[in-house]
Amino acid sequence: MKMHGWGKYPVIDAEVSAPSTLAQLRGILQAGEDRDLTPRGLGRSYGDSSLGEHMISTRRLNHLISFDSDSGVLHCEAGVSLSDILEVFVPLGWFLPVTPGTRFVTAGGAVASDVHGKNHHLEGCFCEHVVFLDVMPDADLLVRCSADDHAALFHATCGGMGLTGMIVSVAIRLKKIRSAFIDEVICKARNLEESLNLFSVHAPDTYSVAWVDCLAKGSSLGRSLLMTGEHARNGPLERSMQGMLGMPVDMPSLFLNPLSVRVFNTLYYHCIRGNSLGRRVHYSRFFYPLDRLADWNRIYGKSGFIQYQFMVPESAGHEAMAAIMKTIVASGKGSFLAVLKAFGEGNGNLLSFPRRGFTLALDFRIEHALFPLLERLDAMVLDYGGRLYLTKDARMSGSTFRQSYPLWEAFQKIREAFGARRRFTSLQSHRLGLDE
Amino acid sequence: MKNILIIGATSAIAEAVARKLAARGDRFYLLARNSERLAAIAADLAVRGAGDVEMSTFDAHDAESHAAALEKAHMWLGTIESALIAYGTLGDQKESERNAEIALNEMQTNAISTISLLTRLANIMASQGHGTIAVISSVAGDRGRASNYVYGSAKAAVTAFCEGLRARLHKKGVHVLTVKPGIVDTPMTEGVDVPEILKAEPDTVARDIVRAMDRKQDTIYTPWYWKYIMIGIVHLPESVFKKITL
């Protein structure tokens, strides 16, 4: 069947199996002795990270296993979605310790990408709150790993893009909350320097992220709306009854020309009067504004889109982000979904993306002049000592990858040691030269 | 807090229904063939808030086991507020055409065993004087089609049986709900080649079932649009219907 990632690029023909039990999963691994297998969760990675000729979906391995209400540790199968966890646990006063911009990812997927969220600068990545994982690198091998046990496999699997074996179950420590609501403050930043400085000013705030107008030029380059948030100290613990607005058809790609995007950006930016605005919003509106538009990826039309997310380290200074942003703006290929965030300290997971510095994520509609621009951006990112996020990547070269993720060799050794190297692969791992 | 009996608890639709009811703190007695999957579901329901969950392996094909299985369930639950019959197989129509034994086996699974269970369950619930029995039939039972009439006729039998049962039990304070799903995305329909848009999610169907049980509806089509599709299909004249490939 036709399979693709969130960006609908690339699209391939693949065989997908969906085991309902561990026994069935083992059967698939045994039967496919000579085959390359690719784990698949909810397919929210943008490029080819979960694409392969033989994919194993975790959608039926979606059971909760146990929950300890004293420690807050939830043990669940890898196919449980973060959305499901929130549905069950928010009313009981628990929240995800780290959540990405969509709740429609699986626990296994959150581990494989070592996802980060608006609280990275204080609370790190998802896997820093994982107590242990059950991983199956081979039919006869089920390993429970953690920071203290089989630590090498743990640090390779966290952020390891499914390449160390099938993640079968995850134990996460949830965090206690008193309310389903977030106290949000929105501030306007008139240019990039102000945007970046505001992150420092708001460093003590638990959650912070900025929506950047990537079409603004000159003295307004990098102007943004910074949103910060804290869990409300009181208030109801309801889950949201949000209706979903579906996008039933693919939009013609002409709709996303520079003119219409510019209008959108200006409107979005000017909707906040004065310099800051405080209000109380339900967690679903604060964390998942895009999930409201189910299938928002259809807005980009049939040709799909590329999401480009990079980070530049603190050591490269504000000039790094400014230079890259100038290049993007000058190209006129701006997207209206540009997100800027300050990262805190990186962790010990071998292929984990965040390092202290700043990250920017934006979309580009696919057109043929796009790829040379992205190569130029890659070169700039490398120059500044930064890297791209594998979960968003659909086209980075092996050489760019190896230069920016120096622990890739250690990662390969662990993969080899557990017999996963030639069994668990993806189109992305082929492209990055990890399967030679 | 209600006491719920589910026969065929490892089926995708049953699991989705159980998850919704677990959030209400209901108690469950689950019957299915596969104990590994039953255990995973039981643990899952417990985490989601179920009052208490008991399970037992059960094969509907084993007619001798029906009385004892239902007896045990009734004893453990105390009263049965709701019972859901959710097991079935799609079968291989072509194989059933070639081989009468196989056709009969399909009828056994999808109709005969269900009738056996319903007969016994009806008596238990009638003496209780209250409760709801929900049975998963199918749109396929509304009209026999060349491509799946073995499955279709079994479901037609179940639908008619439930209709009669509904009338009989109404006087005893017991409600019977007939559920007619269209095509649902579950392991049972794995091989069925149909445009994605026609395959409903088990969760959507479960939502409709729970709502119908709460409201004591008689027959529901799920998703809703199947009601109208079937009105069309049922009313096509036979002289036309027999000529088209459906």
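Residues numbered from 1 in each chain as written. Chains lettered and ligands numbered in written order. Predicted model: local features only at pLDDT ≥ 70, side-chain atom pairs only at ≥ 80, totals over all residues. Heavy atoms only, no water.

Below, the discussion takes up the overall build of chain A. Looking only at helices and strands, chain A features 13 helices and 22 strands. Within the span of chain A, comprising 436 residues, buried residues form 60% of the whole. For chain A, long-range pairs separated by at least 24 residues make up 75% of all intrachain contacts whose partners lie at least 6 apart in sequence. Surface exposure of chain A reaches about 17,000 Å², of which carbon and sulfur atoms provide 55%. (Helix = DSSP H or I, 4+ residues; strand = E, 2+ residues; numbered from the N terminus. Buried < 20%, exposed > 50% of the residue type's maximum accessible area, 1.4 Å probe, protein only. Contact = heavy atoms within 4.5 Å. Areas by Shrake-Rupley, 256 points an atom, 1.4 Å probe, with all protein chains shown as cover.)

It is worth spelling out a nonpolar patch on the surface at this point. A grouping of B:L236, B:V240, B:I244 and B:L246 is seen on the molecular surface, where their side chains present a nonpolar patch of about 270 Å² in accessible area. Inspection of the secondary structure assignment puts B:L246 in the segment after helix 9 (238-241). (Patch = residues over 30% accessible without salt bridge, like charges linked within 9 Å, V, L, I, M, F, W, Y side chains within 5 Å. Salt bridge = Lys/Arg side-chain N within 4 Å of Asp/Glu carboxyl O.)

Caution is warranted with low-pLDDT regions, since their predicted coordinates should not be read in detail. Across chain A, the average pLDDT comes to 89, with 88% of residues at 70 or higher. Below a pLDDT of 50 lies the segment residues 241-255 of chain A, which in the model reaches 34 contacts outside its immediate sequence neighbourhood of four places, other chains included. (pLDDT = per-residue confidence, 0-100.)

Secondary-structure assignment places B:N110 in helix 5 (residues 100-128). With relative accessibility at 2%, the residue B:N110 sits in the buried group.

With 14 residues of chain B in contact, the opposing surface of chain A contributes 16 residues. Of the roughly 1,200 Å² buried between chain B and chain A, counting both surfaces, carbon and sulfur atoms make up 48%. Of all residues in chain B, B:E36, B:V47 and B:R48 bury the most surface against chain A, accounting for 41% of the area lost on that side. In this structure, A:R60 and B:E190 form a salt bridge, with 3.1 Å as the shortest nitrogen-oxygen distance. Where chain B packs against chain A, one counts five residue pairs in polar contact (both at pLDDT 80 or more). If you list the elements that add at least two residues to the side of chain B that touches chain A, you get helix 1 (12-22) and helix 2 (35-47) of chain B. (Buried area = accessible area lost by both parts, 1.4 Å probe. Polar contact = N/O pair within 3.5 Å; in protein donor to acceptor, adjacent residues only side chain to side chain.)

With that settled, consider the state of the cysteines. All names here are of chain A. Per the counting criterion, the structure on display carries zero disulfides over all chains. With no disulfide of its own, C145 lies closest to C158 among cysteine sulfurs, the gap being 6.9 Å. C127 provides the cysteine sulfur closest to C158, a residue in no disulfide bond, and the two sulfurs are 3.4 Å apart. (Disulfide = S-S within 2.5 Å.)

For the rest of this paragraph, the subject is the nonpolar core. Core analysis: the largest hydrophobic core is formed by 104 residues, its most contacted members being A:I85, A:L133 and A:M321. No other element matches the seven residues that helix 9 (residues 317-331) of chain A contributes to this core. One finds B:F28, B:A42, B:V53 and B:L177 within the second-largest nonpolar core, a separate group that totals 34 residues. (Core = buried A, V, L, I, M, F, W, Y, C linked by side-chain atoms within 4.5 Å.)

The subject of this paragraph is the environment of A:L96. Residue and element names in this part refer to chain A. Mapped onto the fold, L96 is located in the loop between strand 8 (94-95) and helix 3 (107-112). A relative accessible area of 1% means that L96 is categorised as buried. If sequence neighbours within four positions are ignored, L96 has contacts with L82, I85, L86, L174, K175 and Y288.

With that out of the way, let us pick up the pairing of strand 21 (residues 357-365) of chain A. All names here are of chain A. With eight of nine residues buried, strand 21 lies mostly within the body of the structure. Where strand 19 (residues 305-313) and strand 21 come together, nine bridges link them in antiparallel fashion. Bridged to F305 within strand 21 is R365. In this structure, strand 20 (residues 339-343) lies alongside strand 21, joined through five bridges in antiparallel fashion. If you follow F343 over to strand 21, its bridge partner there is G357. (Pairing = 2+ DSSP bridges.)

With that settled, consider helix 6 (residues 149-170) of chain B. Residues spaced three or four apart along an α-helix point in a common direction, a consequence of the helix completing one turn every 3.6 residues. Residues and elements named next belong to chain B. Relative to the 32 Å expected for 22 residues at 1.5 Å per residue, helix 6 spans 31 Å between its end C-alpha atoms, a close match to the ideal helical length. Of the positions making up helix 6, those classed as buried are V150, Y151, G152, A154, K155, V158, T159, C162, L165, R166 and L169. Residues of helix 6 that are buried sit in contact with helix 4 (93-98), helix 5, strand 5 (131-136), strand 6 (174-181) and strand 9 (219-222). (Expected span 1.5 Å × (residues − 1).)

All names here are of chain A. Under the criterion given, the structure shown has 31 salt bridges over all chains. Close ionic contact of R423 with D138 constitutes a salt bridge, the shortest N to O distance being 3.0 Å. A residue pair is termed long-range when its members are at least 10 positions apart, and R423 in the loop between helix 12 (408-417) and helix 13 (427-431) and D138 in strand 9 (residues 130-138) qualify at 285 residues. R423 gets classed as buried once you look at its relative accessible area, which sits at 7%. Note on D138: relative accessible area 26%, which makes it partly exposed.

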